[in-house]
Amino acid sequence: MMVHSTLSTLVLALFVWSNGVAGIDLDLTSEDSIKSVAKTIAADMVQYYSATPGVIISNIPGQLPGPPPTPSVTNAGYFWWEGGAMFGSLIDYWYYTGDTTYNNMTFEALQHQSGPNHDYLPENQTLGMGNDDQGFWAMSAMTAAELGFQDPADDEPQWLALVQAVYNIQRPKIDDTCNGGLRWQAYSFLNGFKYKNSISNGCFFNIAARLAVYTGNASYADQAELTWQWMEGVGFIDEQHNIYDGAGVDSNCTDIYKAQFSYNAGVFLLGASAMYKFTNGSAIWQTRVEQLLTQTITIFFPDGIAYEVACEKALIHCTIDMLSYKAYLTRWMAAATKFAPFITDRVLAVLKTSAAAAAKQCSGSPADRPNGRMCGLSWSKGTEWDGTSGIGQQMGALEVIQSNLIQQSRDPLTNSTGGTSKGDPAAGTGDPTSTDPTVLRPLTTGDKAGAGILTAVVVAIILSGLVWVSLPDGNV
């Protein structure tokens, strides 16, 4: 009888594991457990980028497989911006755990994708470049500066200077249409240029506020304040601190698309918390942080578990991008507590319940990865895997779980508290291709020297050809 019972238990256990309903065992009271689970989830996430050590699936440092033909296709790779987001999560992973496994990979990605002008406008992404896409890579570079990630060599792009370049490129793009604000797309010939949205302006607001804290330069904070005021004035942030997606410029931004996405709440919460820090705890920024956090928890944490309200009820409505949004929400909520400590208790309460639920949802066995631990999106479903898997879901579980170590982690650095990243306040200026990539940029001294060498070589070839033509037969 005991043998039969034991065999039955074993069979049941194997059935549960193979059908993806076990979840990952997480003890949130144990720092070692959190780090161990984060290590497992991070390793499974990186497999989508580099399944074999040293071999990048896309063959391009920093670029994920893809892109898919449309955002609604969730099984054909990823858009460029999500690579920037993923490598930001790996900086967080190093920060929380001390594990340097992915540091070189991350360093290479953030450097390579900065592009020839060191502004996160690589030429091979021109036909899909959004201001938000560029902003996501810049925010990861900002994280590198704040957390003391390994500095580049002097002849390589510096983290702080990269962020300043993006800021300097985007600030002049704020136009008078709708009385201000950034457009969604970076270039006028792209679909979406006639749309102004919260995430593009949120990324800009976020880096401006964090640049203000890191450098101590009030001009960045002034611009962040203007962006917040514009968001309220245009109606993208309402009186209850709901943040809506955006609006078309043809209606002067009056016909607002009122979908709410969690990353919009997160990107503004971190930026607002940075402004609270920069203004030495001003009453207006404290109120903004408190009210935004209250509405964020109300909308996106039903029953204390993070939930993507725009699509999670019916996963068929989730685009490949939406599957990753909760990663940024929880990442930025945790980071915000370092700038605005008064929100720590409220943030940690929902991070803990969400992390416990996310670990249970890491119970999947998709056909391409039948390991019984791939993470789904639907954390509120517990161990009942929702059938989805991918970088976004892994990143979401990774961020919400490792964020529970935020209290034990060091404060972000600034220029005056040990930050070593080198800046360049003029980075990104004077390059017309940042607005119109079809414009030929002015020749540099190096370009002219190279052209001179090429001309000399061509002349030499021509002259040698003339000499060859003039030689008598038989003397060649």
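Residues numbered from 1 in each chain as written. Predicted model: local features only at pLDDT ≥ 70, side-chain atom pairs only at ≥ 80, totals over all residues. Heavy atoms only, no water.

Participant: Give a detailed account of the overall build of the chain, specifying residues and quantitative values.
Facilitator: Counting its secondary structure elements, the chain contains 14 helices and 5 strands. Taking the contacts inside the chain whose residues are at least 6 apart along the sequence as the reference set, 67% of them involve residues at least 24 apart. Accessible surface computed for the chain: about 20400 Å², of which carbon and sulfur atoms make up 56%. (Helix = DSSP H or I, 4+ residues; strand = E, 2+ residues; numbered from the N terminus. Contact = heavy atoms within 4.5 Å. Areas by Shrake-Rupley, 256 points an atom, 1.4 Å probe, with all protein chains shown as cover.)

Participant: Outline the side chain of Asn131, supporting the account with residue identities and numerical values.
Facilitator: The residue Asn131 is located in helix H5 (residues 131-146) in this model. In this structure Asn131 touches Gln170, Lys173, Leu182, Arg183, Trp184, Gln185, Ala186 and Ser200, once residues within four positions along its chain are discounted.

Participant: I'd love a proper account of the packing of H5 against helix H6 (residues 159-170), names of residues and values included.
Facilitator: Across the interface, H5 lies against H6 with an axial gap of 8 Å and an inter-helix angle of 150°. Classified by the angle between their axes, H5 and H6 sit roughly antiparallel to one another. The hand of the H5/H6 crossing is left-handed. Contacts between H5 and H6 pair Asn131, Gln134, Gly135, Ala138, Ala141, Met142, Ala144 and Ala145 from the former with Trp159, Leu160, Leu162, Val163, Val166, Ile169 and Gln170 from the latter. Looking at the contact of H5 with H6, its residues break down into 11 nonpolar, 4 polar and no charged. (Axes fitted to C-alpha atoms, helices over the stretch in contact; angles between N-to-C directions. Parallel < 35°, antiparallel > 145°, perpendicular 65-115°, else oblique. Left-handed = near helix turned anticlockwise from the far one by under 90°. Nonpolar A, V, L, I, M, F, W, Y, C, P; charged D, E, K, R; others polar.)

Participant: Account for the packing of aromatic side chains, with residues named and values stated.
Facilitator: Considering all chains together, one arrives at 27 aromatic pairs under this definition. On the numbers, 5.8 Å between centres and 25° between planes, the contact of Tyr120 with Trp137 is stacked. Of this pair, Tyr120 sits in the loop between helix H4 (103-112) and H5 while Trp137 sits in helix H5, placing them 17 residues apart in sequence. For the pair Tyr120 and Trp137, one class covers both residues: buried. The interplanar angle of 45° and the centroid separation of 5.8 Å between the aromatic rings of Phe205 and Trp228 together place this pair among those described as tilted. With Phe205 in helix H7 (residues 198-215) and Trp228 in helix H8 (residues 218-234), this residue pair connects regions lying 23 residues apart in the sequence. Both residues of the pair, Phe205 and Trp228, count as buried. Here the aromatic cluster, defined as three or more aromatic residues joined through ring pairs, consists of Trp81, Phe136, Phe261, Tyr263, Tyr325, Tyr328 and Trp332. A cation over an aromatic ring shows up here: Arg288 above the ring of Trp285, its NZ or CZ 4.4 Å from the ring centre. In this arrangement the basic side chain of Arg369 is found over the ring face of Tyr48, its NZ or CZ atom lying 3.7 Å from the centre. (Phe/Tyr/Trp six-rings, centres within 6.5 Å; stacked < 30°, edge-to-face > 60°. Buried < 20%, exposed > 50% of the residue type's maximum accessible area, 1.4 Å probe, protein only. Lys NZ or Arg CZ within 6 Å of the ring centre and 35° of its normal.)

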